[in-house]
Amino acid sequence: MHVLVVYCHPVETSYAAALHKTVVENLLAAGHTVDDCDLYAERFDPVMSRAERLGYHDVPRNREPLARYVERLQRAEAIVFCFPTWCFGLPAMLKGFFDRLLMPGVAFDISDPADVRPMLTHIRRISAVVTYGRPRWMAWFMGDPPRKMVTRYMRRLTGNRARADFHAYYHMNVATPSGLARFLRKVGQAFARFA
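Residues numbered from 1 in each chain as written. Predicted model: local features only at pLDDT ≥ 70, side-chain atom pairs only at ≥ 80, totals over all residues. Heavy atoms only, no water.

Trainee: What is the right way to look at the state of the cysteines in this model?
Mentor: Such a bond, covalent and formed between the sulfur atoms of two cysteines, is termed a disulfide. Applying the stated criterion across every chain, the model contains zero disulfides. Cys 37 takes part in no disulfide bond, and the closest cysteine sulfur to it belongs to Cys 8, at a distance of 9.5 Å. Classification of Cys 37 as buried rests on a relative accessible area of 1%. Cys 87 forms no disulfide, and the closest cysteine sulfur to it belongs to Cys 8, at a distance of 14 Å. Residue classification places Cys 87 among the exposed residues on the basis of a relative accessible area of 80%. (Disulfide = S-S within 2.5 Å. Buried < 20%, exposed > 50% of the residue type's maximum accessible area, 1.4 Å probe, protein only.)

Here it is in structure tokens:
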């Protein structure tokens, strides 16, 4: 498959960077093509401008500010997100990516507001590799927005056709080297058989 990998972390020596590298290497080794979208390296602007918001429903002109990203999303057969959870949510950069890119005429058809239709039906697989500073129970207590965004909202935009999975490492605040190494291996194995 052609896989769009969306990576979001500002530090190239982070554990998130190691996870991202493992994802990309194993996808390539499994025979997939990869469009590696590093939001920080690409200097993605997460801020929706006043003009963009005013033109949000103006299909297809609303695509113009993000034409390159729209094309990349439309070419993808699968999408993988790699990011840390901060304050129990998506990093601001990634939230801006969702806010700006998942627009009418790209992610959904809102020409009939009473019957909004998904438009990412070409995507067959959705996955995420995510780290959390706190334990699983606290993420659950807070509603776990990152998990819902990936496994519910993104899947809904595919017409509920895509298979979604979510690989999470919880409680980074007390992580041990052996625990981090074990999760890295688990992620590598998962993406070596990604289909």
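Trainee: Is there a simple way to think about the sheet that holds strand S1 (residues 2–7) in this case?
Mentor: Whether parallel or antiparallel, the strands of a sheet pair through hydrogen bonds between backbone atoms. Read across the sheet, five strands follow the order S2-S1-S3-S6-S7 without closing on themselves; strand pairing throughout is parallel. Here the strands that pair on one side only, and so sit at the sheet edges, are strand S2 (33–38) and strand S7 (163–169). Put simply, the sheet's adjacent strands are angled 15° from each other on average, direction ignored. Alignment of S1 against strand S3 (residues 78–84), held across five bridges, turns out to be parallel. Looking at S3, one finds that Val 3 is bridged to Ala 78. Taken strand by strand, helix H3 (residues 67–75) contacts S1, S2 and S3, and its axis lies near 145° from that of S2. (Pairing = 2+ DSSP bridges. Helix = DSSP H or I, 4+ residues; strand = E, 2+ residues; numbered from the N terminus. Axes fitted to C-alpha atoms, helices over the stretch in contact; angles between N-to-C directions. Contact = heavy atoms within 4.5 Å.)

Trainee: Is there a simple way to think about unusual backbone geometry in this case?
Mentor: Across residues other than glycine, the phi torsion is negative in most instances, and most of the peptide bonds are trans. For the bond running from Val 59 to Pro 60, omega is 5°, close enough to zero to count as cis. Within the fold, Pro 60 resides in the loop between helix H2 (50–54) and H3. One non-glycine residue, His 171, adopts positive backbone phi at about 65°.

Trainee: Could you clarify how one ought to interpret the environment of Val 130 in this entry?
Mentor: Within the secondary structure, Val 130 is located in strand S6 (residues 125–131). On the accessibility criterion, Val 130 (0% relative accessible area) is buried. Distance in space between the C-alpha atoms of Val 130 and Tyr 40 is 17 Å, their sequence separation being 90 residues. The residues touching Val 130, leaving out its near neighbours within four places in the chain, are Phe 83, Thr 85, Phe 166, His 167, Ala 168 and Tyr 169.

Trainee: Would you take a moment to explain the pattern of salt bridges for this structure?
Mentor: Where charged atoms from two side chains of opposite charge come close, those side chains can pair. A full pass over the atoms with the stated rule returns 12 salt bridges. For Glu 77, the salt bridge identified is with Arg 124, shortest N-O distance 3.9 Å. Of this pair, Glu 77 sits in the loop between H3 and S3 while Arg 124 sits in the loop between strand S5 (117–118) and S6, and the two are 47 residues apart along the sequence. Since its relative accessible area comes to 28%, Glu 77 is described here as partly exposed. Judged by its relative accessible area of 46%, Arg 124 is partly exposed. A cluster of three or more residues bridged by salt bridges with shared partners is formed by Asp 35, Glu 42, Arg 68 and Arg 72. (Salt bridge = Lys/Arg side-chain N within 4 Å of Asp/Glu carboxyl O.)

Nothing here speaks to function; it is all geometry.
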